[in-house]
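Spelled out, the chains give:
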Amino acid sequence: MSLTLSDFKSLLVEIRDTDSDRAFRRLYDESYERMFRTAFYYTQSDELAREVVLDVLAGVWEKRKTMILPDDWWRWSYIATKNLALNTLEKENRRRASREPQENDVTHNTTPSDDVEAQETQRIYEETVWSMPDRCREAWILVREDGLSHHDAAVRMGTSEKTVDAQISKALRALRDALLCIVFLLLLR
């Protein structure tokens, strides 16, 4: 069973106050998969994604006594993972660029403008999701990002499936509107 935001806050307090290995292991177990998906999205590498997640979680352990505890663990961990993934990817790209090209290096058929457009689209998606009302965002993340059924999301949220359906519809409208803005901006170029 997944934890609520207040459960995560309690785990973080326990980790900070008692150096609890058990609480940290629970935080790790509950967070790893979602953080890995975020890191993989940005790095497109299993190895780099694992490294990023482990570095973020190790940082939590190392700074447990001094870190400001986040109110929204999922938002904090998403942002920390995303930022570290982008930094790690940038370092990796600089490292690759500095060595001589090898015959077996894979070349990508994307242009810099494709990369910029993909990053801008992802940024707009993230902003749209985080600007949704709390219940709408929670339903969206549980169903579309975590892959839960509407029934399971309703149970987790303590509401009905119809409410989850309505929240998902609201989220889809918000994302559709954001997508239309992206298309409009691209047409103006």
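It should be noted that the structure appears before, not after, this text.
Residues numbered from 1 in each chain as written. Predicted model: local features only at pLDDT ≥ 70, side-chain atom pairs only at ≥ 80, totals over all residues. Heavy atoms only, no water.

S.K.: Any chance you could explain the overall build of the chain here in plain terms?
M.R.: Of the regular secondary structure elements, the chain holds eight helices and zero strands. Out of the 189 residues in the chain, the part that is buried amounts to 36%. Taking all contacts inside the chain whose residues are at least 6 apart in sequence as the whole, residues at least 24 apart take part in 62%. Carbon together with sulfur atoms contributes 54% to the accessible area of the chain, which is approximately 12,200 Å² in total. (Helix = DSSP H or I, 4+ residues; strand = E, 2+ residues; numbered from the N terminus. Buried < 20%, exposed > 50% of the residue type's maximum accessible area, 1.4 Å probe, protein only. Contact = heavy atoms within 4.5 Å. Areas by Shrake-Rupley, 256 points an atom, 1.4 Å probe, with all protein chains shown as cover.)

S.K.: Even after reading the chapter, I still don't get the packing of aromatic side chains, so can you show me in this structure?
M.R.: The description of an aromatic ring pair rests on the distance of the ring centres and on the angle between the ring planes. Enumeration over the complete set of coordinates arrives at nine aromatic pairs. Seen in terms of ring centroids, F8 and W74 are 5.0 Å apart; in terms of plane orientation they differ by 70 degrees. Their pairing is edge-to-face. Taken together, the residues F8 in helix α1 (residues 5-18) and W74 in helix α4 (residues 73-98) connect sequence positions 66 residues apart. Each member of the pair, F8 together with W74, is buried. Both rings, one in F36 and one in F40, keep their centres 6.2 Å apart while their planes meet at 20 degrees; by these two values the pair is stacked. Of this pair, F36 and F40 both sit in helix α2 (residues 21-43), four residues apart, roughly one helical turn. Given the relative accessible area of 17%, F36 is considered buried. Within the aromatic cluster, the residues linked to one another by ring pairs are F8, W73, W74 and W76. Just above the ring of W74 sits the side chain of R34; from NZ or CZ to the centre is 4.0 Å. (Phe/Tyr/Trp six-rings, centres within 6.5 Å; stacked < 30°, edge-to-face > 60°. Lys NZ or Arg CZ within 6 Å of the ring centre and 35° of its normal.)

S.K.: Teacher, can you tell me more about unusual backbone geometry here?
M.R.: In most cases, non-glycine residues show a negative phi, while peptide bonds are predominantly trans. A positive phi angle is found at D19, which is not glycine, with a value near 55 degrees. As for its position among the elements, D19 is in the loop between α1 and α2. Here the phi dihedral of Q44 falls at roughly 55 degrees; this positive angle occurs in a residue that is not glycine. The class of Q44 is exposed, set by a relative accessible area of 55%.

S.K.: What should I look at first to understand the pattern of salt bridges in this one?
M.R.: Between side chains of opposite charge, pairing is possible as soon as their charged atoms come close. All told, the structure shown has 12 salt bridges when counted by the stated rule. With its nearest N and O atoms 3.1 Å apart, the salt bridge here joins R25 to D29. Of this pair, R25 and D29 both sit in helix α2, separated by four residues, roughly a single helical turn. With relative accessibility at 48%, the residue R25 sits in the partly exposed group. (Salt bridge = Lys/Arg side-chain N within 4 Å of Asp/Glu carboxyl O.)

S.K.: How should a negative patch on the surface be read in this particular structure?
M.R.: A grouping of E47, E51, D55 and E62 is seen on the molecular surface, where their side chains present a negatively charged patch. Residue E47 is classed as exposed on the basis of its relative accessible area, which comes to 57%. (Patch = residues over 30% accessible without salt bridge, like charges linked within 9 Å, V, L, I, M, F, W, Y side chains within 5 Å. Lys, Arg positive; Asp, Glu negative; His and termini not counted. Charge placed at Lys NZ, Arg CZ, Asp CG, Glu CD.)

S.K.: What exactly am I supposed to notice about helix α6 (residues 134-145) here?
M.R.: Counting along an α-helix, one turn takes 3.6 residues, and residues three or four places apart therefore face a common direction. Over its 12 residues, α6 extends 15 Å from the first C-alpha to the last, a length consistent with the 16 Å expected when each residue adds 1.5 Å. Among the residues of α6, C136, R137, A139, W140, I141, L142 and V143 are the ones counted as buried. Looking at the residues trailing α6, positive phi occurs at G147, about 80 degrees. (Expected span 1.5 Å × (residues − 1).)

S.K.: I keep staring at the packing of α2 against α4 and nothing clicks. Help me out?
M.R.: To describe two helices that pack against each other, one gives the angle between their axes and the distance between the axes. Close contact between α2 and α4 brings their axes to 9 Å; oriented N to C, the two are set at 40 degrees. By the angle between their directions, the pair α2 and α4 is classed as oblique. Between α2 and α4 the crossing geometry is right-handed. For the pair α2 and α4, contact is made by L27, E30, S31, R34, M35, T38, A39, Y42 and T43 and by W73, W74, S77, Y78, T81, K82, A85, L86 and L89, respectively. (Axes fitted to C-alpha atoms, helices over the stretch in contact; angles between N-to-C directions. Parallel < 35°, antiparallel > 145°, perpendicular 65-115°, else oblique. Left-handed = near helix turned anticlockwise from the far one by under 90°.)

S.K.: Help me understand the nonpolar core in this model?
M.R.: Generally speaking, soluble globular proteins have nonpolar side chains that are buried together. Residues L27, V53, L57, V60 and W73 are the most contacted members of the largest nonpolar core, which totals 28 residues. If you list the elements that add at least two residues to this core, you get α1, α2, α3 (46-62) and α4. At nine residues, α2 tops the list of elements feeding residues into this core. The residues touching V60, leaving out its near neighbours within four places in the chain, are L12, F24, L27, M67, W73 and W76. Membership of the second largest hydrophobic core comes to 16 residues, among which are I141, V143, M157 and A171. (Core = buried A, V, L, I, M, F, W, Y, C linked by side-chain atoms within 4.5 Å.)

Don't take any of this as a statement about function, it's just geometry.
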